[in-house]
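Remarks on the overall topology
Spelled out, the chains give:
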Amino acid sequence: SSGATGIRIQFGDFAVGAGKVWIYSDSDAAQSQGPFTGRGTFSNGEFWSGTTWGDTAIVEYQPADAKDRSVPFRIRGLSHRVTLRPGLGRLITPVTADPAASCNLDVTCYPEWSDAVKMVSEINFQTEENGQQFEAACTASLIATRDNSMKPYLLTAGHCIHNEADARTLETFWTYQTSQCAGAAPVMSTSTTSQVG
């Protein structure tokens, strides 16, 4: 996907049984995702992968039976992550200026927030509006339960994720912050990620 800084793959009709599927970037095989087995993340044959960084994503399939040459899944689509220069709508790579609005505060400048910031993430998810599918971003925070059940609840604004279909595409990016007060904007690909499922 020429010009992409990252790619997510949408799988459909996924039914690999005991077979295994991995996804990785041609520039960094160490960031491999998978193996995905059976009917996929939600056991229904439909799911999105996490982001692989770069403009190429490799999908590797190992069938349970080495003689079986059928492909028991479809790639329905992909999300092409780009970096835009604010106001211009043109591709630029990499971003050199901090993309945050002036009202956003650099959490690294406030030592009293150092514990709380560990619970905050940027969330990315697939959504559709006016017939167009795209990836959207918001922030979210882990919240605790009164009974300390350790269930991982993630709270975000009501205008972010509208339905379960969007929620099932959720990818979270943790520790997305500057390394020092007023430091350079962080590199998204260095964040720790997690997905629903």
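Our subject is the structure that appears above.
Below, the structure is looked at part by part.

Parameters at a glance
Residues numbered from 1 in each chain as written. Predicted model: local features only at pLDDT ≥ 70, side-chain atom pairs only at ≥ 80, totals over all residues. Heavy atoms only, no water. Pairing = 2+ DSSP bridges. Helix = DSSP H or I, 4+ residues; strand = E, 2+ residues; numbered from the N terminus. Axes fitted to C-alpha atoms, helices over the stretch in contact; angles between N-to-C directions. 1 Å grid on protein atoms, 1.4 Å probe; cavity = no way out; pocket = protein on both sides within 12 Å on 5 of 7 lines; lining within 4 Å. Points joined across faces, edges and corners; volume = space filled by probe spheres on them. Nonpolar A, V, L, I, M, F, W, Y, C, P; charged D, E, K, R; others polar. Disulfide = S-S within 2.5 Å. Buried < 20%, exposed > 50% of the residue type's maximum accessible area, 1.4 Å probe, protein only. Polar contact = N/O pair within 3.5 Å; in protein donor to acceptor, adjacent residues only side chain to side chain. Lys, Arg positive; Asp, Glu negative; His and termini not counted. Salt bridge = Lys/Arg side-chain N within 4 Å of Asp/Glu carboxyl O. Contact = heavy atoms within 4.5 Å.

Considering the sheet that holds strand 10 (residues 153-156)
The strand order across the open sheet built from five strands is 10-9-8-11-12, with neighbouring strands paired in antiparallel fashion. This sheet does not close on itself; its edge strands, each paired only once, are strand 10 and strand 12 (192-195). Averaged over all pairs of adjacent strands, the angle between their axes in this sheet comes to 35°, without regard to strand direction. In the sheet, strand 11 (residues 171-174) pairs with strand 12 via four bridges, with the strands oriented antiparallel. Across the sheet, the residue bridging to Phe173 is Thr193, located in strand 12.

Here we look at the layout of surface pockets
Approximately 280 Å³ is the volume attributed to the second largest pocket. Along its surface, the second largest pocket is lined by 16 residues, and Gln10, Trp48, Ala165, Asp166 and Thr169 are the ones closest to its centre. Broken down by secondary-structure element, the contributors of at least two residues to the lining of the second largest pocket are strand 1 (6-12), strand 4 (47-48), strand 8 (120-129) and helix 1 (164-167). It is strand 8 that provides the largest number of residues to the lining of the second largest pocket, a total of three residues. Its residues assigned to classes, the lining of the second largest pocket comprises five nonpolar, seven polar and four charged.

A look at the state of the cysteines
Disulfides are covalent bonds that connect the sulfur atoms of two cysteines. In this structure the tally under the stated criterion is two disulfides. Sulfur-sulfur distance for the disulfide between Cys138 and Cys160 comes to 2.0 Å. Judged by the torsion about the S-S bond (-105°), the Cys138/Cys160 disulfide is left-handed. Placement of Cys138 in strand 9 (residues 132-143) and of Cys160 in the loop between strand 10 and helix 1 is noted, with a sequence separation of 22 residues between them. The buried category is assigned to Cys160, whose relative accessible area is 6%. Described in terms of the sequence order of its bonded cysteines, the disulfide pattern of the protein chain is 1-4, 2-3.

Points about the environment of Ser194
Here Ser194 lies in strand 12. Classification of Ser194 as partly exposed rests on a relative accessible area of 31%. When the C-alpha positions of Ser194 and Thr172 are compared, they lie 5.3 Å apart, and in sequence the two are 22 residues distant. Separated by 2.5 Å, the side chains of Ser194 and Thr172 make a polar contact. A polar side-chain atom of Ser194 sits 3.0 Å from a polar atom in the side chain of Trp174.

Things to note about the side chain of Asp166
Along the polypeptide, Asp166 turns up in helix 1. Buried charge without a partner: Asp166 forms no salt bridge, and the closest opposite charge is Arg8, 10 Å away. A polar contact is formed between the side chain of Asp166 and the side chain of Thr127, at a distance of 2.7 Å. In this view, Asp166 contacts Phe125, Gln126, Thr127 and Ile161; residues no more than four positions away in its chain are not counted.

Let's talk about the environment of Glu171
Following the sequence through the fold, Glu171 ends up in strand 11. A residue is classified by how much of its surface remains accessible, and Glu171, at 2% relative accessible area, is buried. Not counting residues up to four positions away in its chain, the partners in contact with Glu171 are Arg8, Gly50, Thr51, Glu122, Ile123, Asn124, Thr193, Ser194 and Gln195.

None of this, on its own, says anything about what the molecule does.
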